[in-house]
Amino acid sequence: MKKFLKIAKAAAAGVCALALAMGASACSSPLNEDVEPVAKEDFRVTAYMVGDRFLDPAEIDYSHFEQVTDFIFISMADFDTNGEIILNENFDAAYNNIAPYIPDDANFYVNLLGPKSTLETDDWSAQMADQGKLHTEAFQSGVLEENIKELLEQYDFDGVYFDYEYPIDQVNWDSFNAFIVSLDEYLGDEYKIGMAMSDWDIGQSPEAMAATDFIEIMSYDNWDKKGNHSTYKNAQKSIEALLEKGYDRSKLTLGLPFYARPTTEEEYWYDYKSYCDKIDENGLYEDTGDTGLIFSFNTYDVIKQKTELAVNCGLGGVMIWHYACDAPADNPKSLFNAVEDGINTAYSQAQAE
């Protein structure tokens, strides 16, 4: 996948360079358009709540709940190829440690993860094709819509989210799109539908785009040439890609990583709260112990700037992956505080203009 992404990025850069050389305006960016921010009270701060981080009340940091407008409960519910919902054995325990503490004016959604590929291969494309096939079976089961609605009603969720990165083939996108349209018709106006999406795989049909209420832009797990993880420039590129696809700005939510990845792009993830006092001004920390790797974090300033970018681009909000990674609210380096700082700064500047 990384090789594919590098080739795609290089091709896109080449097209823009050629257009500029020819004096064309084909590369004019929708980021440069003069747009009005959404109303401040409508700007969403969405946080993913990974269920297994909320099993022990003594270890839960509730200090940021008032800074979140939309909560997404993830990793506790799946669906299988038959369209049946499967709840994790700890679903209720984690749910009960979150739901009662959510502010009255906030929203609470459940994220459903689908069937996983069991192919014994290291071929990423083959795994994704198989996973897409399994999801298509579920989407075409004819019962998943009803089972989702029953889950939403039982636990008083405000809607459902999908984190679906597998429809590499158009045939799988077609199935997923038809399902989203069907689900929207089945749920009606009472519930919302959201999904997480990367900028490199945008295959929603116009009908599915209209049926989806929120898009969480997964603008992370990517690097620049120096190995910096999830840069401001990449956030701009991610927003631009979805705007060029034709999404309503207010539906889009810019993803912010509250964790680090190694500059070598290896499969390690490090939460911000454990290292916020150790990183340098560029968000880097060298692990001289277990891994010997250099972690690349988004600093307070980068998160603040990305939040301002989301406001100024007229997006509907920002999204945090994930809640439990941040330092407590009384820590001046808290990234939720950086988000709040960015919101206040951007709206103050907008009012002054």
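As a reminder, the structure under discussion sits directly above these lines.
Note that the coordinates shown come from a computational prediction; the quantities given were computed from them, not determined experimentally.

Draft legend 1. Molecular detail of the overall build of the protein chain. What the protein chain contains, in helices and strands, is nine helices and 14 strands. Since a compact globule built from 353 residues should have a radius of gyration of about 20 Å, the 20 Å found for the protein chain is in line with a globular shape. In terms of overall dimensions, the protein chain has a C-alpha envelope of 55 × 50 × 50 Å along the principal axes. The buried share among the 353 residues of the protein chain stands at 51%. Intrachain contacts of the protein chain at a sequence separation of at least 6 include 73% that bridge at least 24 residues. Just so you have it, the protein chain exposes about 16,800 Å², and 47% of that area is on carbon and sulfur atoms. If the 24 positive side-chain charges of the protein chain are averaged to one point and the 64 negative ones to another, these points end up 9 Å apart.

Draft legend 2. Representation of the pairing of strand β1 (residues 44-50). Within β1, seven of the seven residues are buried, which leaves it mostly tucked inside the rest of the structure. Residues R44, T46, Y48 and V50 line one face of β1 and the alternating positions V45, A47 and M49 line the opposite face, and both faces are buried. Direction of pairing for β1 relative to strand β14 (residues 317-321): parallel, over a ladder of four bridges. Bridge assignment links V45 to a residue of β14, and that residue is V318. Bridging between β1 and strand β2 (residues 70-74) involves five bridges; their strand directions are parallel. Paired with M49 across the two strands is F73, which belongs to β2.

Draft legend 3. Broad picture of the sheet that holds strand β7 (residues 192-197). Taking strand neighbours around the barrel as the criterion, the eight strands line up as β1-β2-β5-β6-β7-β8-β9-β14 in a closed arrangement whose pairing is parallel. Ignoring which end each strand starts from, the neighbouring axes of this sheet average 25 degrees apart. Here β2 runs beside strand β5 (residues 107-112); their pairing, made up of four bridges, is parallel. When the sheet's bridge partners are listed, I72 is paired in β5 with Y109. Sheet strands touched by helix α5 (residues 170-187): β6 (159-163) and β7. Its angle to β7, the strand with the most contacts, is close to 155 degrees. Where helix α8 (residues 300-312) meets the sheet, it contacts β9 (252-257) and β14, and its direction lies at approximately 175 degrees from that of β9.

Draft legend 4. Up close: empty space enclosed by the protein. The tally for this structure, following the rule as stated, stands at two cavities of 30 Å³ or more. Looking at the largest cavity, its volume works out to about 50 Å³. Taken together, Y164, E165, W173, M195, A196, M197, S198, W200 and D201 make up the full set of residues lining the largest cavity. Sorting elements by how many residues they give to the lining of the largest cavity places β7 first, with three residues. Of the residues that constitute the lining of the second largest cavity, the class distribution is six nonpolar, two polar and one charged.

Draft legend 5. Molecular detail of the sheet that holds strand β10 (residues 259-262). Pairing in this open sheet of four strands is antiparallel, and the strands run β11-β10-β13-β12 from one edge to the other. Strand pairing shows two members of the sheet lacking a second neighbour, β11 (270-271) and β12 (284-286), which therefore form its edges. Pairing of β10 with strand β13 (residues 294-296) involves two bridges; the strand directions are antiparallel. Each bridged residue has a counterpart across the sheet, and for R261 the counterpart in β13 is S296.

Draft legend 6. Representation of the nonpolar core within the structure. Core analysis: the largest hydrophobic core is formed by 99 residues, its most contacted members being V160 and F162. Looking at this core element by element, the count peaks at seven residues for helix α9 (residues 335-352). In contact with F162, other than residues within four places in its own chain, are F79, N111, L112, I148, F176, F179, I180, L183, I193, G194, M195 and A196.

Draft legend 7. Inspection of the pattern of salt bridges at higher detail. Under the defined criterion, the tally for this structure stands at five salt bridges. Among the ionic pairs, R249 bridges to E33, the shortest N-O distance being 3.1 Å. Placement of R249 in the loop between α7 (232-245) and β9 and of E33 in the loop between α1 (2-21) and β1 is noted, with a sequence separation of 216 residues between them. Using a relative accessible area of 15% as the deciding quantity, one classes R249 as buried. One salt bridge in this structure joins K304 and E308, with 2.5 Å as the shortest N-O distance. With K304 and E308 both in helix α8, this residue pair falls four residues apart, about one helical turn.

Draft legend 8. Up close: unusual backbone geometry. Cis geometry marks the peptide bond from W321 to H322; its omega dihedral reads -10 degrees. Mapping H322 onto the fold places it in the loop between β14 and α9. Phi angles above zero are rare outside glycine, and S75 is one such case at about 75 degrees. Residue position: S75 is located in the loop between β2 and β3 (77-79). Located in the positive-phi region is E265, a residue other than glycine, with phi close to 70 degrees. Tracing the backbone shows E265 in the loop between β10 and β11.

Thresholds applied
- Residues numbered from 1 in each chain as written.
- Predicted model: local features only at pLDDT ≥ 70, side-chain atom pairs only at ≥ 80, totals over all residues.
- Heavy atoms only, no water.
- Helix = DSSP H or I, 4+ residues; strand = E, 2+ residues; numbered from the N terminus.
- Rg over C-alpha atoms; globule rule 2.2 N^0.38 Å.
- Buried < 20%, exposed > 50% of the residue type's maximum accessible area, 1.4 Å probe, protein only.
- Contact = heavy atoms within 4.5 Å.
- Areas by Shrake-Rupley, 256 points an atom, 1.4 Å probe, with all protein chains shown as cover.
- Lys, Arg positive; Asp, Glu negative; His and termini not counted.
- Charge placed at Lys NZ, Arg CZ, Asp CG, Glu CD.
- Pairing = 2+ DSSP bridges.
- Axes fitted to C-alpha atoms, helices over the stretch in contact; angles between N-to-C directions.
- 1 Å grid on protein atoms, 1.4 Å probe; cavity = no way out; pocket = protein on both sides within 12 Å on 5 of 7 lines; lining within 4 Å.
- Points joined across faces, edges and corners; volume = space filled by probe spheres on them.
- Nonpolar A, V, L, I, M, F, W, Y, C, P; charged D, E, K, R; others polar.
- Core = buried A, V, L, I, M, F, W, Y, C linked by side-chain atoms within 4.5 Å.
- Salt bridge = Lys/Arg side-chain N within 4 Å of Asp/Glu carboxyl O.

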